[in-house]
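Residues per chain, in single letters:
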Protein chains: 2
Amino acid sequence: MEGEPGCSIAGTLEVIGDRWTMLILRDAFRGVRRFDEFQRDLGIARNLLTDRLTKLVEHGVMEKQLYQAHPPRFEYRLTPRGVDLSPALVALMRWGDKWLADGAPPVSLLHDRCGQPLDQAFVCWTCDQTITPLQIRSDKRTA
Amino acid sequence: MEGEPGCSIAGTLEVIGDRWTMLILRDAFRGVRRFDEFQRDLGIARNLLTDRLTKLVEHGVMEKQLYQAHPPRFEYRLTPRGVDLSPALVALMRWGDKWLADGAPPVSLLHDRCGQPLDQAFVCWTCDQTITPLQIRSDKRTA
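Computed from a predicted structure; not experimentally measured.

Student: What is the right way to look at the overall build of chain A in this model?
Tutor: Helix and strand counts for chain A stand at six helices and six strands. Start at the N end of chain A and walk to the C end: the helices and strands fall as α-α-α-α-β-β-α-α-β-β-β-β. At 18 Å, chain A has a C-alpha radius of gyration far larger than the 15 Å of a compact globule built from 143 residues. Viewed in the frame of its principal axes, chain A has a C-alpha envelope of about 55 × 45 × 30 Å. Each of the 143 residues in chain A was classed as buried or not, and the buried ones make up 32%.

See the structure below:
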């Protein structure tokens, strides 16, 4: 599969495709940082939470920072690489909300300044316009 | 997890989170429609391909259409529900390209009309502007 675009998709899913990992990331985007907060919010077993946070740190998606020295206490923050997962999480969530959920979606994503729902779009900055999925061409790189 | 936003993300991954499924969808977006074409392009075993296509049809993501009566021949097309997966696949691919790939990404996504690379952005149509991940607020619905 070397050089296949599926690699990038499959590779991303190897990092974030686990359900608990997704939920931890979602909490992190909402500002959760401390082990006990994740644990309480998700109702996840402590050993599973430790495992998932350790993997996220290993993948460079989150970083562990000391926030108190005595006794030592750590918090987990999204790195720039982690923040950059936002389009993927939002896209997966929006599709599920639209096509799988019954009734109103459990969480709304809003523009913080105006409080209105956000949209996610493909943009061509050259033409200065949004484009539809059917206006996308994919070019395979030839060696 | 009823009512949890993780549901929408996890639910979406239950439909498309399998590696072969992702590759089939990627081919479908590139215009591949026939069983033998998918099979040749992906080098996938025929029983696995049958299994994945059947599931995609069951989930309403693809539909099977007769394109020749004698002998009967079918092709697989993305439904509107399937086309709507485009933002999720593109977002997963872009993150992998940016953070996991060595060198240039194997596939470029271009605006078909101008041939320039496309971008994917969060948009607030009320404010008529693109917004960053850190300008998103998520509101949990309260019952």
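Student: How should I be thinking about the relation of the copies chain A and chain B in this particular structure?
Tutor: The operation relating the pair of chain copies consists of a rotation about an axis and a translation along that axis. The operation relating chain A to chain B is a screw motion whose rotation component is 180°, with 0.0 Å of axial translation and a residual RMSD of 0.0 Å. Accordingly, the operation relating the two chain copies is best matched by a two-fold axis. A high fraction, 100%, of the interface residues of chain A reappear at the interface in chain B, so the copies pair face to face through one surface.

Student: What am I meant to see in the nonpolar core here?
Tutor: The tendency in soluble globular proteins is for nonpolar side chains to be buried side by side. Ranked by internal contacts, the top residues of the largest apolar core, which has 61 residues, are Ala 88 of chain A together with Ala 88 of chain B. Sequence-distant contacts of Ala 88 of chain A, defined by excluding residues within four places in its chain, comprise Thr 12 of chain A together with Ala 88, Ala 91, Leu 92 and Trp 95 of chain B.

Student: Help me understand helix H2 (residues 19-29) of chain B in this model?
Tutor: Each α-helix winds once per 3.6 residues, and so residues spaced three or four apart point in a common direction. Residues of H2 of chain B that are buried: Met 22, Leu 23, Ile 24, Leu 25, Arg 26, Ala 28 and Phe 29 of chain B. Once H2 of chain B finishes, Gly 31 of chain B follows within two positions and takes phi at roughly 100°, a positive value.

Basis of the calculations
Residues numbered from 1 in each chain as written. Chains lettered and ligands numbered in written order. Predicted model: local features only at pLDDT ≥ 70, side-chain atom pairs only at ≥ 80, totals over all residues. Helix = DSSP H or I, 4+ residues; strand = E, 2+ residues; numbered from the N terminus. Rg over C-alpha atoms; globule rule 2.2 N^0.38 Å. Buried ≥ 20, exposed ≤ 12 C-beta atoms within 10 Å, placed from the backbone. Least-squares fit on C-alpha atoms with pLDDT ≥ 70 in both. Contact = placed C-beta atoms within 7 Å. Core = buried A, V, L, I, M, F, W, Y, C linked by C-beta atoms within 7 Å.

By themselves, these observations are geometric and do not establish any function.
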